[in-house]
Amino acid sequence: MGLEYVRISPGFERYMPKDYVDLVNYGPFGRQVDVQQLGQFKELVEEHPMCAGCFMAYFIRIFYAALPNPEDTIVIGTAGCARLALSQAAVPFVYGNYGDTNAVASGLKRALTIRFPDKVKDVVVIAGDGGLIDIGFGMTMHSWFRREKFTTIMVDNEVYGNTGGQESGMSPKGVQLKMAPKGKQFDKINAVELAKVAGCVYVAKLAPTNPKRIARTIRRAILAARHFGPTFIHAYTSCNIEYSIPTDKVLEDARKREKQDFAFYEWMTDEVREYFEEIEKQSQEVKV
Amino acid sequence: MPEQRVVDADYLLLEAPRERKFITGAQAMAEAVKRANVDIAIAYPITPQSEVMHLVGDLWAQGYLKDYYRAEEEYGAMSAIAGAVRGGVRAFTATSGPGLLRGFEAIASWPGHRIPAVLGVLTRVVNAPLSIQPDNIEIAYLLNCGMIVLHAENQQDVFDFTLAGFVISEKVDVYIPVAVCTEGFFVTHAKGYVNMTPEDMKLPPRDPYKAPVPPTDCEIPPARIQRDAPVQKSNFMSYLIHAVWQQEVWASNRRAMKYIYKYLGGPIEVVNPDAEVFIVASGCAAAQGREAVRYAQMEGLNVGLVKVKSIRPFPEKEIREVLKKAKAVIVPEHNIIGWLAREIKATIPDNDKVIGGPRVYGGMTLPVELIMEKIYDVFGIKKERKVVV
């Protein structure tokens, strides 16, 4: 339905909540906002209960500013910190059960394709390391094997933050966390390589140090998923609470990790690369 | 495939001509899906259910369905069903025993998510020790999740309950999923006569906007605005919201009863309403109970049958009324715990007259003679056991 979906019926402007009117008048619907304009437009997510200094909250804020088609986007999440912010955005959000995101997204995307074959309806999963790589591992992998056309974004804080700081498969080896009282016994799982092997057509890994690059990566992942197949972004979004990172040091920590194991990495199939070259020639929108 | 035309749901279920075929229960379920204008089916193998989803896969290959795939496992299948139904399409899947339990976290959340869909439950033993035979203990797990639970006696019931299941499930004042249960093998792999509606007629497509909860498709204004999820607002808000929502789920479940009357002729069937002693049974046990009533009549004993078609909503009022004057109530079952006997005992005031059993489990057959022994007991008839070697 696109913009009709957000438009206010004539005469109702003064009765609609202020938030809604502001979103219609000053929000990102129907236009591409630049992430560097944050603060100059009504954002899709504003209030949230995430901890002070949470880098995941920052990433999610950029995510919503980067959506290429917010009026026709559905976000899917699962238990964990991310959904605390995702559930408060002005974009439909589905919270199913534990670790089921990629199965729910498979059914939803297929249903939307059946009902709206000629419309763009973007489905995006944003879930944590626990949701996607531990409890939801099978469903994450199989959605990729089946070549389901949606984007999966892992906001990796390397811990079960929302349940009180337990080890996850993405925690680095040796780190002492709850349920790992002697330190984690095995390596951080290589999610990016798994995604490539499982059939993702666009895979990226980043630490959120460069907002413009985050936005471009998110847009690319969503555009590639529309046309070619599953796409995956592995984003480092530190947990400053469980990893005891002082609030004013979270960016410093992200930069440090970027130099270690979160250097920006982008991989795509040849046909996706050709597609980006084509559209980036035509538009400034996803220009490198 | 023949060209199918959409006909009114009431016409298809209540008036359309029927043709008699001799088919298995699995075929009967697939034949109902064929006529139900289903958009997507998601399959995962488990014995004895697989046959149903093979046949439904063939329907997709022939063009009756728009999408179909074999999922990674039941939790994935049941979650994807939820996603598809939220996206506004009509969806179907089926499972058995351990598969039901593996998918159960997702299934148990369907009513709360207001997911109208039909789930075939072709019962078998829940491990362990392993057996794949038709024990129906898994129905006990379904009873408390909010779903509508129908229990089919035979191939005809499977066809009728499945086709009507889609219609009941999508009623605006119901809008929760329907489980159509029947015993694996005894019904799924055995043939019986089924009167079926014409192959060239189908239900109207699902209208996802005729709904108490809109689909998630970015098509219905107003757009969502920023708001809190209940659980993070406060614990008080989260339990309040959960409480009122679940009350509505169970109220929806009860509201389905009028449609069970309309489309399935009511939640119970009574044979010999003036009987002195009643057998109350569901599924295959009802078929054996029917035989026991016939045996008893031949011996001049006044025995009747209450077949319970709808386990949720449970026909409390109806069962209390029928059993008011009964001297004894015999509840034969295909499971060890006797979930139906518990339901009956919780329903009637003078429940010391309920005889829980005979019960067979592990997937054994239920010989009519076992039911007859209970009947002789309540009539005080002493019979010599004949042991044939």
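Residues numbered from 1 in each chain as written. Chains lettered and ligands numbered in written order. Predicted model: local features only at pLDDT ≥ 70, side-chain atom pairs only at ≥ 80, totals over all residues.

S.K.: Please set out the overall build of chain A residue by residue, giving values where relevant.
M.R.: Within chain A, the regular secondary structure consists of 10 helices and 7 strands. Computed over its C-alpha atoms, the radius of gyration of chain A comes to 19 Å, within 12% of the 19 Å expected for a compact globule of 288 residues. Its C-alpha atoms give chain A principal-axis dimensions of about 65 × 40 × 35 Å. Burial statistics for chain A: of 288 residues in total, 50% are counted as buried. Long-range contacts, defined as pairs at least 24 residues apart, comprise 67% of the intrachain contacts of chain A with a sequence gap of at least 6. (Helix = DSSP H or I, 4+ residues; strand = E, 2+ residues; numbered from the N terminus. Rg over C-alpha atoms; globule rule 2.2 N^0.38 Å. Buried ≥ 20, exposed ≤ 12 C-beta atoms within 10 Å, placed from the backbone. Contact = placed C-beta atoms within 7 Å.)

S.K.: Which residues make up the overall build of chain B, and what values go with them?
M.R.: Across its full length, chain B holds 15 helices and 16 strands. The C-alpha radius of gyration of chain B comes to 21 Å, within 12% of the 21 Å expected for a compact globule of 389 residues. Oriented by its inertia axes, the alpha-carbon framework of chain B measures out at about 75 × 55 × 45 Å. Of all 389 residues assigned to chain B, the portion counted as buried reaches 53%. Once local pairs closer than 6 in sequence are excluded, the contacts in chain B between residues at least 24 apart make up 81%.

S.K.: Tell me about helix 8 (residues 155-169) of chain B, and please be specific about residues and values.
M.R.: The end-to-end C-alpha separation of helix 8 of chain B is 21 Å, in line with the 21 Å expected for 15 residues at 1.5 Å each. Most of helix 8 of chain B sits out of view: 14 of its 15 residues are buried. (Expected span 1.5 Å × (residues − 1).)

S.K.: Could you give an account of helix 1 (residues 18-26) of chain A, with specific residues and numbers?
M.R.: Residues and elements named next belong to chain A. All buried positions along helix 1 are accounted for by Tyr20, Leu23 and Val24. Buried residues along helix 1 cover an arc of 95 degrees about the axis, so they all sit on one side. For helix 1, exposure combined with an orientation more than 90 degrees from the buried face picks out Lys18, Asn25 and Tyr26. (Arc of directions from axis to C-beta.)

S.K.: Go over the interface of chain A and chain B with me, naming the residues and quoting the values.
M.R.: Of the residues lining the interface, 43 residues belong to chain A; the matching set on chain B comes to 37 residues. Contributions of two or more residues to the side of chain A that touches chain B are made by helix 1, helix 4 (101-115) and helix 6 (137-145) of chain A. Per element, the largest residue contribution to the side of chain A that touches chain B is 11 residues, and it comes from helix 4 of chain A. Of the residues assigned to the side of chain A that touches chain B, the class counts are 24 nonpolar, 8 polar and 11 charged. (Nonpolar A, V, L, I, M, F, W, Y, C, P; charged D, E, K, R; others polar.)

S.K.: For the confidence of the model for chain B, give the residues involved together with the corresponding values.
M.R.: On average, residues of chain B score 95 in pLDDT, and 96% of them are at 70 or above. Taken over the whole predicted complex, pTM reads 0.96, whereas the ipTM for its chain interfaces reads 0.95. (pLDDT = per-residue confidence, 0-100.)

S.K.: Tell me about the nonpolar core, and name the residues and values.
M.R.: Core analysis: the biggest nonpolar cluster contains 196 residues, and Ala41 and Ala179 of chain B have the highest contact counts within it. If you tally residues by element for this core, the top one is helix 2 (residues 55-66) of chain A, at 9 residues. Not counting the four nearest positions on each side in its chain, Ala179 of chain B is found in contact with Leu119, Val121, Leu142, Met147, Ile148, Val149 and Leu150 of chain B. (Core = buried A, V, L, I, M, F, W, Y, C linked by C-beta atoms within 7 Å.)

S.K.: Help me get a handle on the sheet that holds strand 5 (residues 91-95) of chain B, residues and values and all.
M.R.: Residues and elements named next belong to chain B. Spatial ordering of the open sheet is given by 4-3-5-6-8-7-14, a layout of 7 strands whose pairing is mixed. Strands with a single pairing partner mark the edges of an open sheet, and in this sheet they are strand 4 (67-70) and strand 14 (310-312). Each neighbouring strand pair of the sheet contributes to a mean axis angle of 20 degrees, computed without reference to strand direction. Bridging between strand 5 and strand 6 (residues 118-123) involves 4 bridges; their strand directions are parallel. Bridge pairing in strand 6 places Thr95 opposite Val121. (Pairing = 2+ DSSP bridges. Axes fitted to C-alpha atoms, helices over the stretch in contact; angles between N-to-C directions.)

S.K.: Can you explain the sheet that holds strand 3 (residues 122-128) of chain A? Please cite residues and give values.
M.R.: All names here are of chain A. The mixed open sheet is built from 7 strands, whose spatial order is 2-1-3-4-6-5-7. The sheet is open, and its two edges are formed by strand 2 (93-95) and strand 7 (265-268), each paired on a single side. Going across the sheet, the axis of each strand differs from the next one's by a mean of 15 degrees, ignoring polarity. When strand 1 (residues 73-77) meets strand 3, the two strands line up parallel, connected through 4 bridges. Residue pairing in the sheet places Ile74 in a bridge with Val123 of strand 3.

S.K.: Let's hear about the environment of Thr217 of chain A: which residues, and what values?
M.R.: Residue and element names in this part refer to chain A. Among the secondary structure elements, Thr217 is positioned in helix 8 (residues 211-227). Thr217 gets classed as buried once you count the C-beta atoms within 10 Å, which come to 24. As for Thr217 and Val21, which are separated by 196 residues in sequence, their C-alpha atoms are 30 Å apart. Those residues in contact with Thr217 that lie beyond four places of it in its chain are Ala204, Leu206, Ile233 and Glu266.

S.K.: Break down the domain arrangement of chain B for me, with residues and values.
M.R.: Residue and element names in this part refer to chain B. If you check the domain split of chain B, you get domain 1 (5-202) and domain 2 (268-379). Taking only C-alpha atoms into account, the centre of domain 1 sits 26 Å from that of domain 2. Taken together, the contact between domain 1 and domain 2 spans 24 residues of the former and 19 residues of the latter. For the side of domain 1 that touches domain 2, the elements supplying multiple residues, two or more each, are helix 7 (138-142), strand 7 (148-151) and strand 8 (178-183). (Domains from an automatic or database assignment.)

S.K.: Describe in detail the packing of helix 2 (residues 25-34) of chain B against helix 3 (residues 50-62) of chain B, supporting the description with residues and values.
M.R.: Residues and elements named next belong to chain B. Relative to each other, helix 2 and helix 3 sit at 35 degrees, their axes nearing to 8 Å. Note that helix 2 runs across helix 3; the crossing there is right-handed. Between helix 2 and helix 3, the residues in contact are Ala26, Gln27, Met29, Ala30, Val33 and Lys34 and Glu51, Val52, Leu55, Val56 and Leu59, respectively. Within the contact of helix 2 with helix 3, the residues separate by chemical class into 8 nonpolar, 1 polar and 2 charged. (Left-handed = near helix turned anticlockwise from the far one by under 90°.)

S.K.: Requested: an account of the environment of Phe159 of chain B, with residues and values cited.
M.R.: Residue and element names in this part refer to chain B. Structurally, Phe159 is set in helix 8. Residue classification places Phe159 among the buried positions, given that 29 C-beta atoms sit within 10 Å. Considering only alpha carbons, one finds Phe159 and Tyr141, 18 residues apart in sequence, at a separation of 23 Å. Non-local contacts of Phe159, meaning those with residues more than four positions away in its chain, are made with Ala28, Glu31, Ala32, Val194 and Met196.

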